[in-house]
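# Topology and contacts: notes
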Amino acid sequence: MRIAIGIGAELVGRPLLPAEVAQQACDAEAAGFGSAWTVHLSRGIDALSVLAVAGSRTSTIDLGVGVVPTYPRHPHALAQAAATVQSLCGGRLTLGVGVSHKPVVEGLFGLPYTSPAAHMREYLSVLVPLLREGSVTYRGEHFSVDGGFGVPGTSPVSVVVGGLGPLMVAAAGELADGTVTWLATPHGLASDIGPRLRASAEGAGRPSPRLVAAIPVAVCGDDDASRAAAREAAGTVFARYAGLENYQRLMARQSVEHVADVAVVGTEEDVARQLRAYADAGTTELWATPFGLGPAGAPDDGTSARTTAFLAGLAREGL
């Protein structure tokens, strides 16, 4: 299992300048990480634009975005943008796509959040061929596309799907290169998401899929009070996910009551042990999101830097 680092601070409520996020990618490469991921939030910076800059300033680190919402972007337009970034970063891009959430799609974009699973399957049927071959002919209920584009210097882009529910995971295995999750537990990955993903890929005659798991991580003190404070901070920083229906269903399937219960916290030895559980669950890449022990948006208390340094050691040396 590869250890990846999250860049940007949108998830923890401290938005950074685009240039700062690109610099974090450079710092991650220098620290020895093999990959770095950033998020694309509809009310934040455009992640692909940032990765275009980061890709042109780095040389070895793989770069991923999880996930670009599909409803507001036509698959041809997204494919063209991703192919351009792929050219700029020398073939190191992974594109994550997802249907987002009903309050975002309907409330912010004014678009109907209808048939998300069918929408995603058609979206991938257009997007993936465009990113592999540069052209597609497809006729469906949601999309009809006949044509393509040419981006000099590009190469096929790996596509992963934001998979929380069974139908999205199945589509990821059948039509894409894998799935990327947020707040999935080792148990949920081993008993549900992973087997469903692999079975879908095998049934479609596709290679073994990627299973990327994004989770909050914080290294803290070796006492109950420190661990409790870290979990309380996780519950505060990531509280908004508890109010989204898709994550509520994920938590229910995992028999988890609170977002804080998913966070990986503890001493360095505790964190390493918990990360090994993700490897044992079949995770191919662990996307760690370090967070501080203060409230969302507050200045970091140094926990994130300490956590990142520890994770860099694991990335270089392995679990």
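Taken N-terminus to C-terminus, the directions of helix H10 (residues 268-280) and helix H11 (residues 303-317) make an angle of 50°; their axes are 11 Å apart at the nearest point. Here H10 lies oblique to H11, going by the angle between them. Where H10 crosses over H11, the two elements pack in a sense that is right-handed. Note on element contacts: H11 touches H10 through Phe310, Leu311 and Leu314, opposite Glu268, Val271, Ala272 and Leu275. Here the contact of H10 with H11 is built from residues that sort into 6 nonpolar, no polar and 1 charged.

The next subject is the pattern of salt bridges. Across all of its chains, the model carries 13 salt bridges by this definition. For Asp177, the salt bridge goes to Arg206, with nearest N and O atoms at 3.2 Å. Here Asp177 is found in the loop between helix H6 (166-175) and strand E8 (178-182), whereas its partner Arg206 is found in the loop between helix H7 (186-203) and strand E9 (210-219), with 29 residues between them in sequence. Judged by relative accessible area, Asp177 falls into the partly exposed class, the value being 22%. Among the ionic pairs, Arg227 bridges to Asp270, the shortest N-O distance being 2.7 Å. Taken together, the positions of Arg227 in helix H8 (residues 224-237) and Asp270 in helix H10 put the pair 43 residues apart, joining distant regions of the chain. Given the relative accessible area of 23%, Arg227 is considered partly exposed. Sharing partners across several salt bridges, the network here consists of Arg2, Asp62, Arg210 and Glu285.

What follows is about unusual backbone geometry. Leave glycine aside and you will find that most residues have negative phi; peptide bonds, for their part, are mostly trans. With an omega dihedral of -15°, the bond running from Gly66 to Val67 counts as a cis peptide bond. Its place among the elements puts Val67 in strand E3 (residues 62-69).

This next bit is on the packing of aromatic side chains. Evaluated as defined, the whole model comprises 7 aromatic pairs. Aromatic pair Tyr71 and Tyr113: ring centres 5.4 Å apart, planes at 40°, arrangement tilted. Of the two residues, Tyr71 is situated in the loop between E3 and helix H3 (75-88) and Tyr113 in the loop between helix H4 (102-107) and helix H5 (116-133); the sequence distance between them amounts to 42 residues. Across this residue pair, the class does not change: Tyr71 and Tyr113 are buried. With centroids separated by 5.5 Å and ring planes inclined at 85°, the aromatic side chains of Phe238 and Phe291 adopt a geometry described as edge-to-face. One end of the pair, Phe238, is in the loop between H8 and helix H9 (245-253); the other, Phe291, is in the loop between strand E11 (285-290) and H11, with 53 residues separating them in the sequence. One exposure class covers both Phe238 and Phe291, and it is buried. Aromatic ring contacts, followed pair by pair, group Trp182, Phe238, Tyr241, Tyr247 and Phe291 into a single cluster.

What follows deals with H7. Counted at 1.5 Å a residue, the expected span for H7 with its 18 residues is 26 Å, and the 24 Å between its end C-alpha atoms agrees. Along H7, the helix axis deviates most sharply at Ile193, where the bend reaches about 40°; the proline Pro195 sits within four residues downstream. Of the surrounding secondary structure, the elements contacted by the buried residues of H7 are H6, E8, E9, H9 and H10.

Contact geometry of H6 with H7 gives a least axis separation of 7 Å together with a crossing angle of 40°. In terms of their interaxial angle, H6 and H7 are classed as oblique. The hand of the H6/H7 crossing is right-handed. On H7, the residues that touch Pro166, Val169, Ala170, Ala172, Gly173 and Glu174 of H6 are Ile193, Arg196, Leu197, Ser200 and Ala201. Residue composition of the contact of H6 with H7, by class: 7 nonpolar, 2 polar and 2 charged.

Before going further, it helps to examine the environment of Gly34. Along the chain, Gly34 falls in the loop between helix H1 (18-31) and strand E2 (35-38). Overall, Gly34 belongs to the partly exposed group, its relative accessible area being 25%. Residues Gly34 and Lys102 lie 68 residues apart in sequence; the distance between their C-alpha atoms is 34 Å. Here Gly34 is in contact with Arg2, Thr60, Ile61 and Asp62, once residues within four sequence places are set aside.

This part is about the side chain of Asn246. Inspection of the secondary structure assignment puts Asn246 in helix H9. According to the relative accessible area criterion, Asn246 is buried, its value standing at 15%. A distance of 3.3 Å separates a polar side-chain atom of Asn246 from the backbone oxygen of Ser100. The residues touching Asn246, leaving out its near neighbours within four places in the chain, are Ser100, His101, Tyr113 and Leu164.

About the thresholds
Residues numbered from 1 in each chain as written. Predicted model: local features only at pLDDT ≥ 70, side-chain atom pairs only at ≥ 80, totals over all residues. Heavy atoms only, no water. Axes fitted to C-alpha atoms, helices over the stretch in contact; angles between N-to-C directions. Helix = DSSP H or I, 4+ residues; strand = E, 2+ residues; numbered from the N terminus. Parallel < 35°, antiparallel > 145°, perpendicular 65-115°, else oblique. Left-handed = near helix turned anticlockwise from the far one by under 90°. Contact = heavy atoms within 4.5 Å. Nonpolar A, V, L, I, M, F, W, Y, C, P; charged D, E, K, R; others polar. Salt bridge = Lys/Arg side-chain N within 4 Å of Asp/Glu carboxyl O. Buried < 20%, exposed > 50% of the residue type's maximum accessible area, 1.4 Å probe, protein only. Phe/Tyr/Trp six-rings, centres within 6.5 Å; stacked < 30°, edge-to-face > 60°. Expected span 1.5 Å × (residues − 1). Bend = angle between axes of the 7 residues up to and from the residue. Polar contact = N/O pair within 3.5 Å; in protein donor to acceptor, adjacent residues only side chain to side chain.

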